[in-house]
Amino acid sequence: MDILIPKRKWSFVTRWWWLGALLLVGTGVAGLYWPRPGQRLHVAASRLTISPVTRGNFQEFTAIDGVVQPLRTVYLDAAEAGTVQQVLVEEGATLVVGQPLLRLANPDLQLEMVNRETAVYDLMNNLRNTRNQLLQNRILRQNQLADIDFQLAEARRVFDTNQVLYDQKVIARQDYLQSQNAYRYQLRRRQLTQQTLHQDSVAMQQQLGTMQESVQRMTSNLALMRRKMDDLLVRAPVGGRLSSLAAEVGEAKTRGQRLGQIDALAGVKLHAAVDEFYIARIAAGQVGEVVVDGQAYALRVTKIFAQVAKGLQIDLAFTGTPPPGLRRGQTLLIRLALSAKAPAVLLPKGSFYQQTVGNWAFKLGTDGTRAQRVAIRLGRQNPDYYEVLAGLQPGDQVVTSSYEGYADQQELVLDNDRP
């Protein structure tokens, strides 16, 4: 006789055992496709930037923007105030030395010029009249001296004759003494007249010299006024290109006001601002270079401005022939050297440095499908390369793109078909 056997049910403990076993199996399977921290991670190769480690010359430099400026700029300022009467050239024109640019009008200066000319002419007339008068006085004094010489000679003749006659007892003593006094009087009179003539001559020379100096001084002032009048016609002090001209007909200009500027065509320079971090490392004569159309052109620091405004301002000149076709205001990227070139192992710069700070990196294996985490040590850097001190050798391939999301991994598996 058959006996009904009741269906056995799983106990509560058995059920938990089976559930735990399923979880373990699922975790193991998932571990094959979802790596745990500190293990490996599958990454699409297209998302990574892989750079080679090379050996070459390393040089510290900073990249700065340089603005093309003429090697020499001459500013045009108004030497005299006036109203713009005529503009003779257009902005951008090529000029030669002395070429007229614009004409100013100043009625007050013209009136002063007329007054000074009149004063000079009056002084010259006075000098001429004074010279004539002094010459007449001198002639009069000379005539007086000639008359005195005649009277002195006559008195001497009478005295000499009377002396002989007196010695011979022919004439009385009274007559002899009278002729002697007359001779002495004429002699003294001649001495005084001659002294007066000499003093008059000296005084005349001094007076004429003073008036002549006044005429020369006023003539020089008049020449200065004429040059000031000439300054109303503004001319080009040097040859070059008129890069700016701020003048319109009828516009009033004050003395010293900027009218424009002329750029000499002899050459160009670059003006740049260096970050204040490098102030202590910048010196006159420091070298740099720019690359234009694939060709490098050497530069040299020629001037360092004392005032620091928005960085350290410097001027750089080309040590050889500058690139052709440069225009004022054009910007060029300058590589300003901060050290000499020296052999080193080089690693191209990348975003990986933000996560590793140069302490480690992912280096590709020989098959190129896996990248292992390796410890490295980096030294100096420039905008293009890091200097490798340890951990990498020339020929190694390194992942240099960002390690965001990979920082806790030990190995990256590069999949070519993984999205």
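Residues numbered from 1 in each chain as written. Predicted model: local features only at pLDDT ≥ 70, side-chain atom pairs only at ≥ 80, totals over all residues. Heavy atoms only, no water.

- Looking up the protein in an unreviewed UniProt entry gives the name HlyD family efflux transporter periplasmic adaptor subunit, with the organism given as Hymenobacter nivis.
- Heading Subcellular location (unreviewed entry) of the UniProt record for the protein holds this comment: "Cell envelope". (UniProt positions renumbered as here; feature names shortened; annotations may be inferred.)

What about the overall build of the protein?
Thought 1: What the protein contains, in helices and strands, is four helices and 24 strands.
Thought 2: Compactness check: the protein gives a C-alpha radius of gyration of 53 Å against a globular reference of 22 Å for 419 residues, more than 25% above the reference.
Thought 3: Structurally, the protein occupies a C-alpha span of about 225 × 55 × 45 Å along its principal axes.
Thought 4: By the burial criterion, 33% of the 419 residues in the protein qualify as buried. (Helix = DSSP H or I, 4+ residues; strand = E, 2+ residues; numbered from the N terminus. Rg over C-alpha atoms; globule rule 2.2 N^0.38 Å. Buried < 20%, exposed > 50% of the residue type's maximum accessible area, 1.4 Å probe, protein only.)

Thoughts on the domain arrangement of the protein
Thought 1: What the domain assignment reports for the protein is domain 1 (41-56 + 342-415), domain 2 (62-68 + 266-337) and domain 3 (108-227).
Thought 2: On a C-alpha basis, the centroid separation for the pair domain 1 and domain 3 is 110 Å. (Domains from an automatic or database assignment.)

A short note on the packing of helix 2 (residues 107-167) against helix 3 (residues 173-230)
Thought 1: Between helix 2 and helix 3, the shortest axis-to-axis distance is 7 Å and the interhelical angle comes to 165°. Between helix 2 and helix 3, the crossing angle belongs to the class labelled roughly antiparallel. Crossing hand, helix 2 versus helix 3: left-handed.
Thought 2: Counted by class, the contact of helix 2 with helix 3 contains 30 nonpolar, 19 polar and 15 charged residues. (Axes fitted to C-alpha atoms, helices over the stretch in contact; angles between N-to-C directions. Parallel < 35°, antiparallel > 145°, perpendicular 65-115°, else oblique. Left-handed = near helix turned anticlockwise from the far one by under 90°. Nonpolar A, V, L, I, M, F, W, Y, C, P; charged D, E, K, R; others polar.)

Some details on the pairing of strand 12 (residues 258-263)
Thought 1: Burial within strand 12 is extensive, with five of its six residues counted as buried.
Thought 2: The pairing of strand 5 (residues 73-77) with strand 12 spans five bridges and is antiparallel. From the neighbouring strand, Tyr75 faces strand 12, where its bridge partner is Gln261.
Thought 3: As defined by bridge partners, strand 10 (residues 240-245) adjoins strand 12 across four bridges and the pair is classed as antiparallel. (Pairing = 2+ DSSP bridges.)

Brief notes about helix 2
Residues separated by three or four positions in an α-helix point in the same direction, a consequence of the helix having 3.6 residues per turn.
Thought 1: Over its 61 residues, helix 2 extends 89 Å from the first C-alpha to the last, a length consistent with the 90 Å expected when each residue adds 1.5 Å.
Thought 2: With a side-chain oxygen lying 3.2 Å from the backbone nitrogen of Asp108, the N-terminal cap of helix 2 falls on Asn106.
Thought 3: One or two residues past the end of helix 2 sits Lys169, with phi positive at roughly 65°. (Expected span 1.5 Å × (residues − 1). Polar contact = N/O pair within 3.5 Å; in protein donor to acceptor, adjacent residues only side chain to side chain.)

Quick look at the environment of Ala203
Thought 1: Locating Ala203 in the fold gives a position in helix 3.
Thought 2: Taking the C-alpha atoms as reference points, Ala203 and Leu134, separated by 69 residues in sequence, lie 9.4 Å from one another.

Overview of the sheet that holds strand 10
Where strands meet in a sheet, backbone hydrogen bonds hold them as pairs that are either parallel or antiparallel.
Thought 1: Read across the open sheet, the four strands follow the order 5-12-10-7; overall the sheet is antiparallel. The outermost strands of the open sheet, each flanked by one partner alone, are strand 5 and strand 7 (94-95).
Thought 2: Relative to strand 10, strand 7 is paired through two bridges, and the arrangement is antiparallel. Opposite Leu95, over in strand 10, you have Gly240 as the bridge partner.

A short note on unusual backbone geometry
Thought 1: The backbone of Lys169 sits at a positive phi, close to 65°, despite the residue not being glycine.
Thought 2: Counting through the fold element by element, Lys169 comes out in the loop between helix 2 and helix 3.
Thought 3: Exposure remark for Lys169: the relative accessible area of 72% places this residue in the exposed category.
Thought 4: With a phi angle near 55°, Val357 is a residue other than glycine that sits in the positive phi range.

Some thoughts on the environment of Lys253
Thought 1: Within the fold, Lys253 resides in strand 11 (residues 252-253).
Thought 2: Taking C-alpha positions, Lys253 is 7.3 Å from Val84, a pair spaced 169 residues apart along the chain.
Thought 3: Setting aside residues up to four positions removed in sequence, Lys253 forms contacts with Ala81, Gly82, Val84, Ala246, Ala247 and Leu259.
Thought 4: In terms of polar contacts, Lys253 uses its side chain to reach the backbone carbonyl oxygen of Ala246, at 2.8 Å. (Contact = heavy atoms within 4.5 Å.)

Some words on the confidence of the model for the protein
Detailed reading of the predicted coordinates is not advisable wherever pLDDT is low.
Thought 1: Mean pLDDT over the protein: 85, with 91% of residues reaching 70 or higher.
Thought 2: Between residues 29-37, whose pLDDT stays under 50, and residues either more than four places distant or in other chains, the model counts five contacts. (pLDDT = per-residue confidence, 0-100.)

A short note on the pairing of strand 18 (residues 342-348)
Thought 1: Most of strand 18 sits out of view: five of its seven residues are buried.
Thought 2: One ladder, built from four bridges, connects strand 18 with strand 22 (residues 385-390); its direction is antiparallel. Looking across to strand 22, one finds that Val345 is bridged to Val388.

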